[in-house]
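# Chain and residue survey
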Amino acid sequence: MQKDSEKIIYIVAEHFENIIKPVTYELVACACKIKKFYPANIRVIILGKETEKLSFEIARTTGLDVTAIEINELAFNNAQIYKDVLKELTEESHPSFVLFANTPHGLDVACGLSVRTGGACIAGVEGIDKIGETLCFRKQMFYGKINAHIAADSDTLIITVQPGTFGIYRPESQKPGSVETRKVQYSSEIMPVIVKRRSETLDSPISEAKVIVSAGNGIGERENLDLIYKLAGIFPGSAVGGSRILVDRGWLEYKQQIGLTGTQVAPELYIACGISGASQHLAGMKGSGFIVAINKDKGAAIFNESDICVVEDLKTFIPALIEEYEKESKA
Ligand SMILES: Cc1cc2nc3c(=O)[nH]c(=O)nc-3n(C[C@H](O)[C@H](O)[C@H](O)COP(=O)(O)OP(=O)(O)OC[C@H]3O[C@@H](n4cnc5c(N)ncnc54)[C@H](O)[C@@H]3O)c2cc1C
């Protein structure tokens, strides 16, 4: 039986073009939540070529220890290498949990690792609860009609975490973690040649924006989207999103849809303009750091999730806000 001090939670960092993907910090938030119920050491694993800068960045911003696995063959992303190398690491150190982001890459590696190690895998986790003595992982099923609690009897449990559900990680200490670097030479007869091509919808800025201004049916006319874009323009690093209705009408692109069947986001600031707060929309944004809602109906459900509730017509309020901002910034 492992002592608490020997138990391990691994987080597998996601990075792209020498930048840590923000979802990595959501994995840290999830690991910290697991740790509350299941005391263990959290360690971040980063695989890639020349990951030194990124490893130190993670160690500094999270205070966690990092293992950097340097693999020259990972100049291009290659899930096959991830699965093989992580299998060896898992068999060597027997982690209790291995956490991935619920992204196409994370899902690919997590499922492959599960098959290779025989560890159970729960995909799309959105929350953690202890029911009796059992640690359960919450996930939506059947388009959100069911919130299922799933437990697994497995020495190593592999989970993928739904982006936007665990919120922004805030470290308890400012002390940086340590970085251990391992070099691995990967040789395989089957070494697929991977070509890097930027996808239109993956890595769309909406999932990484610090501020999201979102439009709903309450904007009334398509022309009023200009107001939303103008408001977003005030905030550096912002993006415009919206509810499904606007996407169905073709006023916004699918990659801008926030919600259960769109993208799940967790920006520092989310401004909902003319959005009622249907559960399917809330499922995509309620992990945001600070929520401001503008709605002329004081009983709108979105206000139950909001930090600031503006009961106003958005066509009056947003121009007044922009005007005030412009006056202030000129002064
Ligand atoms: C299986 C399934 C999946 C779904 N997935 C998603 C999803 O991923 N994302 C999503 O968003 N929806 C999704 N939906 C749809 C969802 O149920 C709602 O229909 C949708 O979110 C409502 O969009 P809305 O809030 O913009 O519009 P409405 O519900 O019509 O709300 C408009 C709001 O604007 C306010 N308003 C009106 N005029 C003004 C004004 N001048 N100034 C200020 N406020 C004003 C109104 O008071 C109202 O609260 C899904 C539905 C199903 C069944």
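Computed from a predicted structure; not experimentally measured.

Across its full length, the chain holds 8 helices and 17 strands. The globule rule puts the C-alpha radius of gyration for 331 residues at 20 Å, and the 21 Å found for the chain is close to it. Burial statistics for the chain: of 331 residues in total, 47% are counted as buried. Expressed as a percentage of contacts within the chain between residues at least 6 apart in sequence, the contacts between residues at least 24 apart total 64%. Of the roughly 17200 Å² that the chain leaves accessible, carbon and sulfur atoms contribute 51%. Here the chain holds 36 positive side-chain charges and 42 negative ones, and the gap between their average locations is 1 Å.

Taken together, Met141, Phe142 and Ile146 make up a surface patch of nonpolar side chains, about 290 Å² in accessible area. Inspection of the secondary structure assignment puts isoleucine 146 in strand β10 (residues 146-150). The partly exposed category is assigned to isoleucine 146, whose relative accessible area is 39%.

As a further point, take unusual backbone geometry. Residue glutamate 17 is not a glycine yet carries a positive backbone phi of 50°. Position of glutamate 17 relative to the elements: it lies in the loop between β2 (15-16) and β3 (19-20). Exposure remark for glutamate 17: the relative accessible area of 45% places this residue in the partly exposed category. The residue asparagine 18 is not glycine, and still its phi comes out positive at about 65°. Asparagine 18 sits in the partly exposed class, given a relative accessible area of 41%.

Let us look at the sheet that holds strand β14 (residues 238-242). If you trace the 5 strands from one edge of the open sheet to the other, you get β14-β13-β15-β16-β17, paired in parallel fashion. Edge positions in the sheet fall to β14 and β17 (308-311), since each of these pairs with one other strand and no more. Mean inter-strand twist for the sheet, computed between neighbouring axes without regard to direction, equals 15°. Note: strand β13 (residues 211-215) against β14, 5 bridges, orientation parallel. Paired with isoleucine 212 across the two strands is alanine 239, which belongs to β14. Here helix α8 (residues 314-330) sits on the sheet and contacts β15 (269-273), β16 (290-295) and β17; the angle it forms with β16, its principal contact strand, is near 125°.

This paragraph deals with the domain arrangement of the chain. By a widespread convention, an interface's size corresponds to the accessible area lost as its parts come together. Along its sequence, the chain is carved into domain 1 (4-183) and domain 2 (205-330). Inter-centroid distance (C-alpha atoms) of domain 1 to domain 2 is 31 Å. In this complex, domain 1 contributes 13 residues to the contact, which on the side of domain 2 involves 11 residues. Buried surface at the junction of domain 1 and domain 2, summed over both partners, amounts to about 810 Å²; 59% is from carbon and sulfur atoms.

Tallied over the full model, the rule gives 11 salt bridges. Put simply, aspartate 129 and arginine 138 hold a salt bridge, and the shortest N to O gap is 3.0 Å. Residue classification places aspartate 129 among the partly exposed residues on the basis of a relative accessible area of 24%. Among the charged side chains, a salt-bridge network with shared partners connects Arg43, Glu92, Glu180 and Arg182.

This part covers the confidence of the model for the chain. Averaged over all residues, the pLDDT of the chain equals 90, while 92% of them reach at least 70. Considering only residues more than four positions removed or in separate chains, one finds that residues 199-204, a stretch of pLDDT under 50, has 7 contacts.

Spatially, 7 strands are ordered β7-β11-β6-β1-β4-β5-β12 in an open sheet, and the strand pairing comes out parallel. This sheet does not close on itself; its edge strands, each paired only once, are β7 (120-125) and β12 (179-183). Within this sheet the neighbouring strands show an average axis-to-axis angle of 20°, counted without direction.

As for its position among the elements, alanine 331 is in the segment after α8. Each C-alpha atom, one on alanine 331 and one on aspartate 129, is 50 Å from the other, the two residues being 202 residues apart in sequence.

The rules behind these values
Counting from 1, residues in each chain are numbered in the order their sequence is written. At least 70 in pLDDT is required for a residue's local features to be given in this predicted model, at least 80 for side-chain atom pairs to be given and counted, and no such filter applies to totals for whole chains, interfaces and linings, which use all residues. Excluded from the side-chain calculations are hydrogens and water; all other atoms, namely the structure's heavy atoms, are used. The secondary structure listing takes helices from DSSP runs of H or I that are at least 4 residues long and strands from runs of E that are at least 2 residues long, numbered from the N terminus. Throughout, the radius of gyration refers to the C-alpha atoms, and the reference size of a globule is 2.2 Å times the residue count to the power 0.38. Accessibility here uses a 1.4 Å probe with only protein chains present; expressed as a share of the type maximum, an area under 20% marks a residue as buried, one over 50% as exposed, and anything in between as partly exposed. Two residues qualify as a contact provided that any one of their heavy atoms is within 4.5 Å of a heavy atom in the partner residue. Only the protein chains shown count as cover for residues, and the accessible areas themselves come from Shrake-Rupley with a 1.4 Å probe. All tallies of charge rest on Lys and Arg as positive and Asp and Glu as negative; His and the ends of each chain are not included. For the purpose of locating charges, the reference atoms are NZ of Lys, CZ of Arg, CG of Asp and CD of Glu. Residues with no salt bridge and a relative accessible area higher than 30% make up the patches, which join like charges within 9 Å and nonpolar side chains (Val, Leu, Ile, Met, Phe, Trp, Tyr) within 5 Å. Here, a salt bridge means any side-chain nitrogen of Lys or Arg that lies within 4 Å of a carboxyl oxygen of Asp or Glu. When DSSP finds at least two bridges between two strands, those strands are taken to pair. To obtain each axis, a line is fitted to C-alpha atoms, and for helices this fit is confined to the stretch in contact; angles are then taken between N-to-C directions over 0 to 180 degrees. The start and end points of each domain follow an automatic or database-based domain assignment. Here's the idea: put two parts together, see how much 1.4 Å probe accessible area each one loses, and the total over both is what we call buried area. The quantity called pLDDT is the predictor's confidence in a given residue, expressed from 0 to 100.

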